[in-house]
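Coordinate inspection notes
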Amino acid sequence: MKISFASITTPDGGALVLGVTGGRKLMATGVSIDRDAGGALTRAMKSSRFEGKKGQVLSVLQPPGVGVDRIVLVGLGKPADLTALSVRDVGGKVIADLLSAGDQTAAVAIDPVKGAKVAGPALAANFAYGARLRNYRFDRYRTKEKPEEKPRLKRLTVLTGGAVSARKIFAALTKVADGVFTARDLVSEPGNVIYPKSLASEARKLSKLGVKVEVLGDARMKKLGMGALLGVGQGSARESQLIVMQWNGAAASKKPVALVGKGVTFDSGGISLKPGAGMEMMKFDMGGAAAVIGTMKALAGRKAKVNAVGVVGAVENMPSSKAQRPGDVVTSMSGQTIEVINTDAEGRLVLADVLWYTQKRFKPQFMINLATLTGAIIVSLGYEYAGLFSNDDKLVERLTKAGEAENEKVWRLPTHDNYDKHIKSDIADMKNVGGSGAGSISAAKFLERFVNKVPWAHIDIAAMVWPKEGSDVNPKGASGFGVRLLDRLVADYYEGKRR
Ligand code: BES
Ligand code: MN
Ligand code: ZN
């Protein structure tokens, strides 16, 4: 689908989308088109339940006196409630309707809304952004789809009085969408396609955008002493990889922000094998890595004025005669030893070495790691919030605000030192699982031992990578969670400007 911006005129053919605020109030363009159509729009609204509530949709087919095939009225809700975020949802809703109706071209008129918190151009750009986010589809492996099952929408024209500035705002947003789509693609790909080396190849593609990409294999990680990460990968036929991405958009003297991702390309559980039911979902256990790669793509794509490093530990957790055993003791790069009680608690073993490496090499302003770390976080927070754990209140506040602003919400859980005893081992410095209860917190306490007091946040996205249901801006399936959150965090607090 091509998205473009133009000034307001009535299009020839196709669908025309018009916004309606609460109480069935048409916007300026709508009022004049309703007049051309002899009041057909007003009559249609009155003879239906459509009131202009946010996200309501009403189709008027073949309106008289207007040269379009269909008019789609979409509810914007109360003007005072209309924000950059809420109009994205409206854009998503509209796209869903256009896709199911089978329109090939559509235009949407976005007039400024009196009383809204956002100006016309920002409304137009964010509507288009929501539309693009919803229009995503992972269909590489559908070879037998009939033409009538395929989406037909070729072009969406956003009509606005402020086309020039809308285009400019959208230019940055669409780069973030590119990052979100990369994350969704990587998560959707199965484990036979995305494994550590192929994930590294995908990351290498960012070099086109000016990202410096380095990849370390088993031998170099062994030299660095990454016994915790390598222990997880040792049962797999696929070599483990450490992927390091650097985007330098600010002065060299500026400390980077660091993003770290769990990249378990398939988590079978290892010798502590998972039950069969639902195991196929564990291809998404690299969702943290996908979010980091997607964010690096977004930052580079929109040329963010920040220095950022993204570091991903990519491994496959498999059972085999070479796999690590429950009870094995491994030595991490930090020198701390770990008793591996359960080989299925592998994410924290991978992150232990990646976090240590990242703070040691880059001395970042802060580190944020994203990981599908625990099933327990789904029990705690369901599919509404990602779990947030941190040693830094300022980072928590900023992440919380960025999450609200992007509707990728995070909720802080405690990291009190009383939880630290959960991971005491009888024979090593720590064990890799806690006792009963607070499974997400003991995992976070484990990670904390490898951050070396750097400001740090851990976001447990086990629920968020593949939500149970779609939303207005995410079709059902992989969400790309984390890209918009992290991009927003950087944009609002670490580029020396506000957007
Ligand atoms: N990748 C899983 C966590 C997970 C589970 C993510 C379900 C998404 C959905 C992780 O590696 C894992 O297996 N965690 C164990 C930890 C346990 C062995 C202490 C878990 O959550 O059961
Ligand atoms: Mn596991
Ligand atoms: Zn896992």
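Everything discussed here concerns the structure shown above.
Residues numbered from 1 in each chain as written. Chains lettered and ligands numbered in written order. Predicted model: local features only at pLDDT ≥ 70, side-chain atom pairs only at ≥ 80, totals over all residues. Heavy atoms only, no water.

Turning next to the sheet that holds strand 13 (residues 337-339). Read from one edge to the other, the open sheet built from three strands follows the order 12-13-17, with strand pairing classed as mixed. At either end of the open sheet lies a strand with only one pairing partner, and these are strand 12 (329-331) and strand 17 (430-431). Alignment of strand 13 against strand 17, held across two bridges, turns out to be parallel. Within strand 17, the residue paired with Ile338 across the bridge is Met430. (Pairing = 2+ DSSP bridges. Helix = DSSP H or I, 4+ residues; strand = E, 2+ residues; numbered from the N terminus.)

This next bit is on the coordination of the manganese ion (ligand 2). Coordination of the manganese ion (ligand 2) by the protein is provided by Asp267 (OD), Asp344 (O), Asp344 (OD) and Glu346 (OE), with metal-donor distances spanning 2.1 to 2.2 Å. Coordination at the manganese ion (ligand 2) comes from six donor atoms whose angles at the metal span 71 to 168°, giving a geometry best classed as irregular. The motif formed by the donor residues of the manganese ion (ligand 2), counted along the single chain, is D-x76-D-x1-E. Residue class for Asp267 comes out buried when judged on its relative accessible area of 3%. (Donors = N, O, S within 2.8 Å, 3.2 Å for Na, K, Ca; no water. Tetrahedral: all angles 85-135°; square planar, octahedral: opposite > 155°, others 65-115°. Buried < 20%, exposed > 50% of the residue type's maximum accessible area, 1.4 Å probe, protein only.)

Here we come to the coordination of the zinc ion (ligand 3). Taken together, Lys262 (NZ), Asp267 (OD), Asp285 (OD) and Glu346 (OE) make up the full set of protein donors to the zinc ion (ligand 3), lying 2.0 to 2.4 Å away. Its six donor atoms give the zinc ion (ligand 3) angles of 79 to 175° at the centre, a pattern that matches the octahedral case. Every donor residue of the zinc ion (ligand 3) comes from the same chain, spaced as K-x4-D-x17-D-x60-E. A separation of 3.1 Å is found between the zinc ion (ligand 3) and the manganese ion (ligand 2), both of which receive a donor from Asp267. Taken together, the residues Lys262 in strand 10 (residues 257-267) and Asp285 in the loop between strand 10 and helix 9 (287-301) connect sequence positions 23 residues apart.

Sheet architecture is open: eight strands sit in the order 8-9-11-10-14-18-15-16, paired in mixed fashion. Looking at strand neighbours, the two that pair on one side only are strand 8 (212-216) and strand 16 (410-412), the edges of this open sheet. Across this sheet, the average inter-strand angle for adjacent strands is 20°, counted without regard to direction. Pairing of strand 8 with strand 9 (residues 241-248) involves five bridges; the strand directions are antiparallel. Looking across to strand 9, one finds that Leu216 is bridged to Leu242. Most of the contacts of helix 9 go to strand 10, to which it runs at about 140°, and overall it touches strand 9, strand 10, strand 11 (307-317) and strand 14 (366-371). (Axes fitted to C-alpha atoms, helices over the stretch in contact; angles between N-to-C directions. Contact = heavy atoms within 4.5 Å.)

Right, let's get into the site of ligand 1. Taken together, 17 residues sit near ligand 1, with Lys274, Asp285, Asp344, Glu346 and Gly375 positioned nearest. The side chain of Asp267 places a nitrogen or oxygen atom 2.9 Å from an oxygen atom of ligand 1. Note that an oxygen atom of ligand 1 is positioned 2.8 Å from one of the side-chain N or O atoms of Asp344. Computed on the free molecule, ligand 1 has an accessible area of 510 Å², of which 77% lies beneath the protein chains in the complex. Class assignment for the residues of the shell around ligand 1 results in six nonpolar, four polar and seven charged. (Near = heavy atom within 4 Å. Polar contact = N/O pair within 3.5 Å; in protein donor to acceptor, adjacent residues only side chain to side chain. Areas by Shrake-Rupley, 256 points an atom, 1.4 Å probe, with all protein chains shown as cover. Nonpolar A, V, L, I, M, F, W, Y, C, P; charged D, E, K, R; others polar.)

Along strand 9, seven of the eight residues are buried, which leaves the element largely enclosed by surrounding structure. Summarising the sheet, strand 9 and strand 11 pair through eight bridges and their orientation is antiparallel. Along strand 11, the bridge assignment pairs Gln241 with Ala314.

With six of six residues buried, strand 14 lies mostly within the body of the structure. Burial along strand 14 is two-sided: the face carrying Phe366, Ile368 and Leu370 and the face carrying Met367, Asn369 and Ala371 are both buried. Here strand 10 pairs with strand 14 via five bridges, running parallel. Residue pairing in the sheet places Gly261 in a bridge with Leu370 of strand 14. Relative to strand 18 (residues 456-460), strand 14 runs parallel, the two being bridged by five bridges.

We now examine helix 10 (residues 347-362). For helix 10, with 16 residues, the first-to-last C-alpha span of 22 Å sits near the 22 Å given by 1.5 Å per residue. Counting buried residues along helix 10, 14 of its 16 residues qualify, which places the element largely inside the surrounding structure. Trailing helix 10 by a residue or two, Lys363 shows a phi angle of about 40°, which is positive. (Expected span 1.5 Å × (residues − 1).)

Further remarks concern the packing of aromatic side chains. Counted by the stated rule, this structure contains seven aromatic pairs. A centroid spacing of 5.2 Å and a plane angle of 70° characterise the contact between Tyr385 and Trp411, whose relative ring orientation is edge-to-face. You can see Tyr385 sitting in the loop between helix 11 (376-381) and strand 15 (386-390) and its partner Trp411 sitting in strand 16, a full 26 residues away along the chain. Look at Tyr385 and you get partly exposed, because its relative accessible area is 22%. Looking at Trp411, the relative accessible area reads 47%, which means it is partly exposed. Note on Tyr493 and Tyr494: the rings are 6.5 Å apart at their centroids and 65° apart in plane angle, and the pair reads as edge-to-face. Its relative accessible area of 13% is what places Tyr494 among the buried residues. One aromatic cluster in this structure is built from Phe366, Tyr493 and Tyr494. (Phe/Tyr/Trp six-rings, centres within 6.5 Å; stacked < 30°, edge-to-face > 60°.)

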